[in-house]
Structure formats: C-alpha cells, structure tokens
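Commentary on secondary and tertiary structure
Chain by chain, the residues run as shown.
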Amino acid sequence: MSHVVQLEDIHKTYESGEVPVLAVQGVTLTITGGEFVAIMGASGSGKSTLMNLLGCLDRPTRGRYLLGGTDVSNLDRNELADLRNQKLGFIFQGFNLLSRTTALENVELPMLYGRRHFSTREIRERARQSLDIVGLSNRADHFPSQLSGGQQQRVAIARALINEPQILLADEPTGNLDSKTSVEIMGVFQKLNAQGITVVMVTHELDIAHYCKRNLIMRDGRLVSDTPVVDRLVATEQMQRIVTAETDAKLIA
Amino acid sequence: MRFINVIKVALRALRRSAMRSILTALGIIIGVAAVIAMVSIGNGAKSQVEASIASLGQNIISVFPGSAKTGGMYGGWGSASSLTVDEALTIRREISGIVAVSPEMRDRQQVLANGLNWNSSVNGEDVTYLDIRLWTIAEGEMFTEGDVNSAAKVCVIGQTVVAKLFPDGDPVGRSLRIRNLPFKIIGVLKAKGFNYFGSDQDDVVIIPYTSHIKRIARRPNLNSIIIQAESPDQMTRIQQDVTDLLQQRRNGRDPDFTVRNQQELAEAATATTKTMTVLLGAIAGVSLIVGGIGIMNIMLVSVTERTREIGIRLAVGAHGRDVLTQFLVEAIILSVMGGTLGILLGVGSSQLISRLNGWPVLISTSAIFGAVAFSAAIGVFFGFYPARKAAQLDPIEALRYE
Ligand SMILES: Nc1ncnc2c1ncn2[C@@H]1O[C@H](COP(=O)(O)OP(=O)(O)OP(=O)(O)O)[C@@H](O)[C@H]1O
Ligand SMILES: [Mg+2]
C-alpha cells in the first residue's frame, strides 16, 4: 500500500503567549493507505495540533510533511485550500456546521468550492448520497439546531465525505456523544474504512480506540507508543449487543 | 468557484438574516428614493417656471424708460419718460432682424359697462402685440393697422374683464367706457392665467397705442417698447443696436432708458430653481452616502460575527478570493436591491407629489441611472473593506474565534 501520510520530525511551536508553547516536538510518522489510526493522549498533549497539521489547516514550524508524495510545506494558501477540498475530509471536534443552513446545504459546501464545476443538480444529488451514507437522508432539510449531537456529527461526516477524500481526519468525533451514538459513528467510520478510505481520528476513550486498527499515544508533543489493535471491536456487533441489553433492561423494568 | 454559486451562497447568507438585510438596504432605499424624488420635483418646478417664462413670448427685448435726474437726485426706473413712438418706429425701421415692435402704454383705469365697473389695466399696443406674446383671440378679432392709424375707439378684452363686466357673456359687439369714452369690443382674448410674477394676465383691456396716447393717457411718452427678434442668437446684437440707436438720439446725455433681454429674466428664474434642484439633490445624495456607510457598518459587523462561518468555508477549501467575492456580492446585492426598491419608491412619490401640486411629472432618467450606478458603487466601495478583511483570515484562527 502507498504511503499517504509521511511526517518527518514535525515541530509546532505557538509563539503567541509570553512563553513559546512546544505543542508538537518532533513527530515522525508514516500512515499507509487503508489504515485506521486512533491518536490518544492526555489533554494538552498536542493531538489537535497534530491533526490540524495533518489536515493542512496549519503549517508546521519545522519538519517535512508529505501528503500522497507531495511536500505540503511549499504550497501556498490556495494550494492548501485545494488539498483540503479534494484529498482531505476534516471532521471537527465541535462539528463546525453553518447554523441557519440546512443539513443538505452544509454537506454541499465543499463541492461549491471545488476546482471542478458541477451543476446545481449534481451537487444536490451528491450531497443526498453523502447524507445517505451516514443514514441521515431523512433529515436533509433540518437545520443544525434541529438535530441531535450525533446527527450533527453525522452531517459533519457527510460534509467531509462529499468530495470523496482519500483521508478522513476526525478530531474527537465521539467527544460529545453518548456511548450508543459513539458506536454508531464508529460503525460509519469502519464502513468507510472498509471501502478503502484512510481514517485518522483523535479520541480520549480507550474502548473507542479499539474500533481502530492502530493506536498512537502522544505525550508532551511526542509519539510515545504505536501499537496495532489486537482484539478489534466491530461496531455492528457492539450495536447489536447494546440493543439487546436495552431491551433486556426494559423487560426487567 | 463558479459565479452562479457565489451568488447562491450570498443570497443564502442574506436570507439567513433577512430582517437585517432589509434594514441595511433601507438606508439605500431611502437614499435613492430621495435623490430621484428631489431631482424630479426640482425638474418639475423648473419646467413650470420655464413654461410661464415662455408664455411671456419668445425672443423678446424690452426697452424701459430709465431714471430721471433732477438736480442731482435720481428717481427710480421709469421716472424718466423719454421713450417715444417715433423711437419705436425708428427701431422698427432701422434695425435688422426684428419681427415686430409694439410701443406700449399702460394705465390702470376704471372701466364701465353693463352698469358694472372694474379697475383694470388698459394697455395701448400695436397690432403685432398678440403675436409677440403668443396670445390668441378666442372670439371676434384683433384690431387692425387701420384702427391704429386712425386711433380708433376699439378694444379687445381679457377673460377677467369679461367675467367682471359681462357676467352673462357675449361681450363682442358691445361697448365699454374708459374715461367716459365708449370703446367698441371687437375681440375677447383666450385665458392666459397668472404670469411668473403672479399678476393676472387676463385682467386687461387692449386698445391701439395711438388711441391710448390720444384719448386715455394724453401724454406722448411710452411705458415701454416691446421688440421681438427673429431668433435667440440675434438678441444680444439687437440689444446693442437698440442701445446705440437710442443713445445716439440722446446726443451724449446720460442714458435715461434700459434695454432688457427676456433671456436674462429666464436665466435668472431658472437659475433659482436649478439651485434648488442641486441643493435638494445634494441633501438626498448625503442620505445615500449615509446609507452606504450603513452597509459598510453591517458588513463589518457581519464579518466579525461570521468569523467562524468564514473559518469553516476556508477549512473546506474556499480560497480567499471566494470569501472576498461572497462578501462583495452580498454588499452589491443589498445595495442594488435597495436601489431598485428606491427607484420604485422615488418614482412613486414624485408622481404623487407632482400630481398634488399639479406639476408635470418629470422623472429624471439621469437621476435614476445615477442613483443605480451610485448604489452599486456604494456596494463595491463600502463592501470591499469588510470583504477583504474576511478573505485574509487564517482558517484555523477563524475557527477558534468565539
Ligand atoms: N493557538 C494556540 N496558541 C497557543 N498555544 C496553543 C494554541 N493551541 C494549542 N496550544 C497549546 O498547545 C498545546 C497542545 O494543544 P492541543 O490543542 O493540541 O492539545 P490536545 O491534545 O488536543 O488537548 P485536548 O485533548 O484537550 O483537546 C496545549 O498546551 C495548548 O495550550
Ligand atoms: Mg484537542
């Protein structure tokens, strides 16, 4: 499999405060196509910073980042925007949906900014398909404020998927969700990963990391552990178990 | 991004805050409407003034007696009484480019007829007088050259005199008395209304100037000489020639006459209304600028308020230029929409005001084009700064913005 992500001694230092913050200090990492990676670590260990670097939202202070073989460090603002638009799908920790804009229109957004031009109908069509993948086509005309947290998260996933990215980057996609909805979301990721999309996600929760194929642990801006997942959980099975447990509980009560 | 998408995105954004969009556009609506209404009203008033000036006659030069100086003391205009019929006839004979000359005598006299009486302006004029004043006979006819030569006791009368002395109508063929002399009414004039200075032009009895001099005023000196030139471009020359001729006849004495050009009067009158129009337009223009600043203000607030939105757009692949055009197009849509509504409102209100005042409705197309162009320009001008501010945001910074 091809190396889709190659980080070589990546550093990120925030100079904004009185003391410079060394958020990421020397991360070297290779991710190949089709991988499903979870990044874990304590709060403030630099996970989000690393994800922003991976998502080409931010530039490293030092080091080299090859995305699909091209060196990202030399690209300008607009070229980075095109990369984000075409190759990457980013799912933010806080959803980051446009309020007072329907789910469908939120999902359409990346297609509007694509370098390829699509007709309004094509865009609409693709957005519906994308919502279908996350099982939300029946909520297309709802506004984010009319959706539950899990549904909003799925709109965000649909938006990340619409341009058929090679890599899906998700910063704590289950951070705000209950365990059942979390498992649902992980099911969506596993399905996408099975279709060949590389998934990199950040999580606090160990059991969520067990749905992935590879676990990385960060501490103070460095990678301290890199292990494959042995007893990997399958979301569909877990979902089944949760549903059974729920019905049992209801029967008893 | 395709332009159609830019417009779609901008429209969505405007629709999302419809109330604010309307309030923002309101500044432009009122500004544009005010400009159009003010200019139209100004134009209507101007045309009204021009029409009343034109009704005095065309290409007219008037000669008035000047001031008399008695022992070092000057009287006012007309205190000298030096203009004579002979001078009027000499002007007619010796100066080229003249269509008609009417020596004029004016007097207010008590006029009696039908057992009624009325104080009216009795004017002695030449036969050409009605042509000069663009006036026509409604009934009967004007007196003739022969009547002038024989100082005949005939007259034509205005509608006010008809109303006052012949309430039952049919005055032609009957007679009235001025200074106890019977004058036969041979014609009735068409109504002409009030002139620019507000006096009733129909309150008049016109008789041959010869009859006036001989029988009514009993003095040889004219109140004025009315001269009609062939064309407007000859007026200055004729004015000079008349001045020279009269001066020559006075053998180097102080000039005791003035020669006035109707154009001067027209210019003075239209200049006043033009000043009014410009003034009104300028005030309205200020409100248009205020409206534009309103748009800038709202767009600026909107950029700050929508920082996260901009961050999201940038994060999913929008270029800075896409964000710039979006905000710019939003501002332009606001101002063009405001401009269009403003035109409707402006045209409507000027129609209404003109109708209420009985003015001709003169919607100025240049005001409409100007207002539209200006409102679009306002959109670009006042939209650009906030738009550029938005476009230069860093995606990650914008996303972090609370
Ligand atoms: N914009 C910034 N300016 C200055 N320091 C920052 C900035 N963003 C993050 N940091 C600092 O960098 C370090 C890493 O932050 P980061 O957000 O990557 O942590 P994290 O691992 O995602 O934490 P969490 O699990 O709480 O989300 C932290 O010490 C944080 O204070
Ligand atoms: Mg984080």
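You'll find the structure just up there.
First, a word on what this report is: a plain description of the structure on this page.

Cut-off values and rules
Each chain carries its own residue numbering, running from 1 in the written order of its sequence. Following the order in which they are written, the chains are lettered starting with A and the ligands numbered starting with 1. Only residues with pLDDT of at least 70 get local features here, since the model is predicted, and only at 80 or more are side-chain atom pairs given and counted; chain-wide, interface and lining totals rely on the full set of residues. Side-chain metrics in this entry use all non-hydrogen atoms of the structure; hydrogen atoms and water are not considered. We call a residue near a molecule or strand as soon as one heavy atom of that residue lies within 4 Å of the molecule or strand. In the analysis that follows, any N or O atom pair within 3.5 Å is treated as a polar contact, provided that within protein one partner can donate a hydrogen and the other can accept it, and provided that, for residues neighboring in sequence, both atoms belong to side chains. Shrake-Rupley sampling with a 1.4 Å probe provides the accessible areas, and residues are treated as covered by the protein chains on show and by no other component. Helix and strand definitions follow DSSP, with helices as H or I runs of at least four residues and strands as E runs of at least two, each counted in order from the N terminus. All amino acids are sorted into three groups, where Ala, Val, Leu, Ile, Met, Phe, Trp, Tyr, Cys and Pro are nonpolar, Asp, Glu, Lys and Arg are charged, and the leftover types, Gly among them, are polar. A helix is expected to span 1.5 Å for every residue after the first. Lining residues are those with an atom within 4 Å of a point, where the points come from a 1 Å grid over the protein atoms alone and group into cavities, where a 1.4 Å probe fits but cannot get out, or pockets, open sets with protein on both sides within 12 Å along at least five of seven lines. Grid points are joined across faces, edges and corners, and a volume is the space filled by probe spheres set on the points. Note on pairing: DSSP must find at least two bridges between two strands before they are called paired. For helices, the fitted axis covers only the stretch in contact; all axes are lines through C-alpha atoms, and the angles between them, taken along N-to-C directions, range from 0 to 180 degrees. The contact rule is simple, with two residues in contact once any of their heavy atoms fall within 4.5 Å.

1. Describing the site of ligand 1
Taken together, 15 residues form the shell around ligand 1, and within it Ser 43, Gly 44, Lys 47, Ser 48 and Thr 49 of chain A come nearest. More than a single chain frames ligand 1: its nearby residues are located in chains A and B. Within the backbone of Ser 45 of chain A, an N or O atom sits 3.3 Å from an oxygen atom of ligand 1. Arg 400 of chain B places a side-chain nitrogen or oxygen 3.0 Å from a nitrogen atom of ligand 1. For ligand 1, whose accessible area on its own is 620 Å², the fraction buried by protein is 69%. For the shell around ligand 1, the secondary structure elements donating two or more residues are β2 (21-32) and α1 (47-54) of chain A. At 3 residues, α1 of chain A tops the list of elements feeding residues into the shell around ligand 1. Looking at the shell around ligand 1 residue by residue, the class counts come to 4 nonpolar, 8 polar and 3 charged.

2. Here we look at helix α11 (residues 320-357) of chain B
Here α11 of chain B is 38 residues long and its end C-alpha atoms lie 54 Å apart, about the 56 Å a rise of 1.5 Å per residue gives. Two residues or fewer past α11 of chain B, Gly 358 of chain B is found with a positive phi of approximately 70 degrees.

3. Details of empty space enclosed by the protein
The tally for this structure, following the rule as stated, stands at 3 cavities of 30 Å³ or more. Taken as a whole, the largest cavity holds about 140 Å³ of empty space. Lining the largest cavity are 15 residues, with Arg 84, Leu 88, Gly 89 and Phe 90 of chain A together with Val 316 of chain B sitting closest to its centre. When residues of the lining of the largest cavity are traced back to their parent elements, those giving at least two are α2 (77-86), β6 (88-91) and α5 (149-161) of chain A. If you add up the space inside the second largest cavity, you get close to 80 Å³. Around the second largest cavity sit Ala 13, Leu 14, Ser 17, Arg 20, Ser 21, Thr 24, Ile 298, Met 299, Ser 302, Arg 306, Glu 330 and Leu 334 of chain B, which together line it. Going through the elements one at a time, α1 (3-16), α2 (18-54), α9 (262-305) and α11 of chain B are the ones with two or more residues in the lining of the second largest cavity.

4. A few points about the sheet that holds strand β5 (residues 70-71) of chain A
Residues and elements named next belong to chain A. Sheet architecture is open: 4 strands sit in the order β2-β1-β4-β5, paired in antiparallel fashion. For this open sheet the edge positions go to β2 and β5, each flanked by a neighbour on one side alone. By the bridge criterion, 5 bridges tie strand β1 (residues 3-14) to strand β4 (residues 62-67) in an arrangement that is antiparallel. Residue pairing for β4: Val 5 is matched across the bridge by Leu 67.

5. Regarding the sheet that holds strand β10 (residues 222-228) of chain A
Residues and elements named next belong to chain A. Overall, mixed pairing links the 6 strands, which are arranged β6-β7-β8-β3-β9-β10 in an open sheet. In this open sheet, the two strands that pair with only one neighbour each are β6 and β10. Taken over all neighbouring pairs, the strand axes of this sheet differ in orientation by 15 degrees on average, direction set aside. Direction of pairing for strand β7 (residues 167-171) relative to strand β8 (residues 198-202): parallel, over a ladder of 5 bridges. Among the inter-strand pairings, Leu 169 is bridged to a residue of β8, identified as Val 200. Packing of helix α6 (residues 179-194) onto the sheet brings it into contact with β3 (36-41), β6, β7 and β8, and relative to β8 it is tilted by some 150 degrees.

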